[in-house]
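Working through the structure, step by step
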Amino acid sequence: MEIIDVDPGDMRVAGKGCRVVRVRISSSVSFDTPVRPISVSETTAKDYLGYRGVIESQIAAMPIDLQSNNGFERFLAQNGFIHENQLTLQSFVDRNHGKPCFPILQLPSLDYSNRVPFKIAFEMQKDVDGLSMMCMPEIDQQFSDYGEAVEDWCSSCEEFGRIGVPQLSLSDEPSVFARRLRTLCDLSKTGQVPMINIRYSPRSTIQLSELWNMKGEIDALINCSEVPSTTNRMVVNGVERDVEYELLSHGFDSITRKKRKVNRKFMASRNFSDPPTSLDKIDKFKVATHQASVAIKGDVWRHMEHAPHCSCPVCRGNSRSELIDRFAYKDNGELDQSGMRYFARLHDHQSDNLELGILKRHIFERSIGEYESRLEDNLKKIVNDTE
Ligand SMILES: [Zn+2]
């Protein structure tokens, strides 16, 4: 993978120009950002729904939760836990054969003077066949030789024909964040770091400004991970602002969501419980509406007079009641506890890709102002409908 071209977008202080990065996969295959990688949450939703359509995506990402439910202790113990995660990663890579695939290790930031966890992370990814990128765990902010550590990781990956992906966090101290981002920027110019992952954190205005400031120089694809589907910032009751456009307009090229481990006991008990008796009792879900940069809570969406239409490959322009018929019920007519939640997930990804196509066109045509008016107009319609 190689970055062949960077268009920094609008760099005026008032500018909100997202950037475009051209990523070359091979001599004949390349794509432009912004993109939304396909991830394990979409493949899970696809399997659950028995959805047969192709999920379009040029790149695949797999967040791996190595933290919750004592995950980190189990990671360090190097027992079956590593192997289990390795197998899941392997099957994800196999399934996305032909696409560049990057794992995102959800780990605490680590003290680099103890290399053991880094070694474990390296070995775990090294043995996965066909994996193109290897994620470096986040390094503790106190550590000063960040550049050296990243170069070590990336050159070790290169020995196995892989690309090393260093990580930062938007929650890093602004001065540390700026310094480390500068280091990664320099390494991106030599081709050593063609991809960077930055973990999302709210209230990170200064860090985002640093990224915005360097976006014209960084020759790497920059993914933002653990991005929530909404931010709890309500526009009106039940309509929450989405953070994706804001991230893209500061220089991110793609976003991925957080992976949360599901409690197995809970799932098992759920599988044996009686089906829900009304739509009010199914799993909560939110319908992403990227053309207005918001998500609408399922209960509100169900009662809107004119729920927004979507022409993504999952919705296929169906009306709301057609979508509920398709996804909320099982073949035997019983209500499906999770059908709408999985539908919402798949639609989120697919409609996002459609919207990013429109955004891309506006970036190329230097008409971001028009794009923002489009978001506002669409939002007005939704707000009117929920009032
Ligand atoms: Zn849709």
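Since we're looking at a predicted model, the values are computed, not measured. (Residues numbered from 1 in each chain as written. Predicted model: local features only at pLDDT ≥ 70, side-chain atom pairs only at ≥ 80, totals over all residues.)

**Focus on the pairing of strand β2 (residues 20-24)**
Because side chains alternate across β2, one face comprises the buried residues V21 and V23, and the other comprises V20, R22 and R24, none of which is buried. Pairing between strand β1 (residues 2-7) and β2: five bridges, direction antiparallel. Paired with I3 across the two strands is V23, which belongs to β2. Here β2 runs beside strand β3 (residues 30-32); their pairing, made up of three bridges, is antiparallel. Within the sheet, the bridge partner assigned to R22 lies in β3 and is D32. Between β2 and β3, which pair antiparallel in sequence order, lie five residues. (Buried ≥ 20, exposed ≤ 12 C-beta atoms within 10 Å, placed from the backbone. Helix = DSSP H or I, 4+ residues; strand = E, 2+ residues; numbered from the N terminus. Pairing = 2+ DSSP bridges.)

**Observations regarding the sheet that holds strand β13 (residues 239-241)**
One open sheet accounts for four strands, arranged β12-β13-β16-β15; its pairing is antiparallel. Of all strands in the sheet, those with a lone pairing partner are β12 (234-236) and β15 (286-289), marking the two edges. When strand polarity is set aside, the average angle formed by the axes of neighbouring strands in this sheet is 30°. The pairing of β15 with strand β16 (residues 294-297) spans four bridges and is classified as antiparallel. (Axes fitted to C-alpha atoms, helices over the stretch in contact; angles between N-to-C directions.)

**Description of the packing of helix α5 (residues 146-159) against helix α6 (residues 174-189)**
α6 packs onto α5 with a crossing angle of 40° between their chain directions and a minimal axis gap of 10 Å. With respect to α6, the element α5 is oriented oblique. In this structure, α5 meets α6 at a crossing whose hand is right-handed. Where α5 approaches α6, its residues Y146, G147, V150 and E151 are matched on the opposing element by R180, T183, L184 and L187. Counted by class, the contact of α5 with α6 contains four nonpolar, two polar and two charged residues. (Parallel < 35°, antiparallel > 145°, perpendicular 65-115°, else oblique. Left-handed = near helix turned anticlockwise from the far one by under 90°. Contact = placed C-beta atoms within 7 Å. Nonpolar A, V, L, I, M, F, W, Y, C, P; charged D, E, K, R; others polar.)

**Digging into α5**
Residues spaced three or four apart along an α-helix point in a common direction, a consequence of the helix completing one turn every 3.6 residues. If you check α5, its first and last C-alpha atoms are 20 Å apart, about what 14 residues at 1.5 Å a residue would give, namely 20 Å. Looking at α5, one finds that the buried residues are Y146, V150, W153, C154 and C157. Seen from one end, α5 has its buried residues packed into an arc of 90°, which puts them on one side. Away from its buried face by more than 90 degrees, α5 exposes E148, S155 and E159. If you follow the buried residues of α5, they end up packed against β7 (133-135), β8 (163-165) and α6. (Expected span 1.5 Å × (residues − 1). Arc of directions from axis to C-beta.)

**Considering the domain arrangement of the protein chain**
Here the protein chain is partitioned into domain 1 (2-255) and domain 2 (273-386). Here domain 1 and domain 2 have C-alpha centroids that lie 26 Å from each other. On the domain 2 side, the residues contacting the 32 residues of domain 1 number 35 residues. Among the secondary structure elements, those contributing two or more residues to the side of domain 1 that touches domain 2 are α1 (40-49), β12 and β13. Here the element with the most residues in the side of domain 1 that touches domain 2 is α1; it accounts for six residues. (Domains from an automatic or database assignment.)

**Here's the deal with the sheet that holds strand β5 (residues 60-65)**
Spatially, three strands are ordered β4-β5-β6 in an open sheet, and the strand pairing comes out parallel. Strands with a single pairing partner mark the edges of an open sheet, and in this sheet they are β4 (38-39) and β6 (101-106).

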